[in-house]
Structures are given as structure tokens and as C-alpha cells.
Amino acid sequence: MARQLELKGRTYWILSEPHQGGWKACVTEVRGEDQESIGIEATAETRGAADDAAERKLRRLLRAY
């Protein structure tokens, strides 16, 4: 399951998976049928915490532009 975000007219998915006893979340930009990883990753003990951390990183990146 993925968390979907709409930010600045673009669609992003935060995808998470189990990772070394915790969770790892990665951010992917979706453009129509194409998907591209944008290099944002976050790890945490729980899935929600990893997703939240990845979302915060994405929002900080978008504010920089």
C-alpha cells in the first residue's frame, strides 16, 4: 500500500517495506503511467514513522525550489 500526495501540481507516492527489523520508505513521482524515484528515503521503527519522515523530506525539498 502506498501513501499518495498531491504537491505543487505533481503526484507522489510514498512506498514502504520492511527493512532490517524496521521500515524503509521511498518517494516516487508519478507522471501518467511513468514512475521515477526521486532519491528520498527514510527509515524508522514503524511504517507510519518512516512514511512521515519521507514526507517531511519531500516537503522540505519542494520548499527549496
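Our subject is the structure that appears above.
Residues numbered from 1 in each chain as written. Predicted model: local features only at pLDDT ≥ 70, side-chain atom pairs only at ≥ 80, totals over all residues. Heavy atoms only, no water.

### Some thoughts on the environment of Gly22
- Within the secondary structure, Gly22 is located in strand S3 (residues 22-31).
- Measuring from C-alpha to C-alpha, the distance between Gly22 and Ala44 comes to 5.8 Å, with 22 residues separating the pair along the chain.
- In this view, Gly22 contacts Glu17, Ala44 and Glu45; residues no more than four positions away in its chain are not counted. (Helix = DSSP H or I, 4+ residues; strand = E, 2+ residues; numbered from the N terminus. Contact = heavy atoms within 4.5 Å.)

### Structural notes on the pattern of salt bridges
- Per the counting criterion, the structure on display carries 7 salt bridges.
- Measuring nitrogen to oxygen at the nearest pair gives 3.0 Å for the salt bridge that ties Asp52 to Arg3. Taken as a pair, Asp52 in helix H1 (residues 47-63) and Arg3 in strand S1 (residues 2-7) lie far apart in primary sequence, 49 residues in all.
- Judged by its relative accessible area of 35%, Asp52 is partly exposed. (Salt bridge = Lys/Arg side-chain N within 4 Å of Asp/Glu carboxyl O. Buried < 20%, exposed > 50% of the residue type's maximum accessible area, 1.4 Å probe, protein only.)

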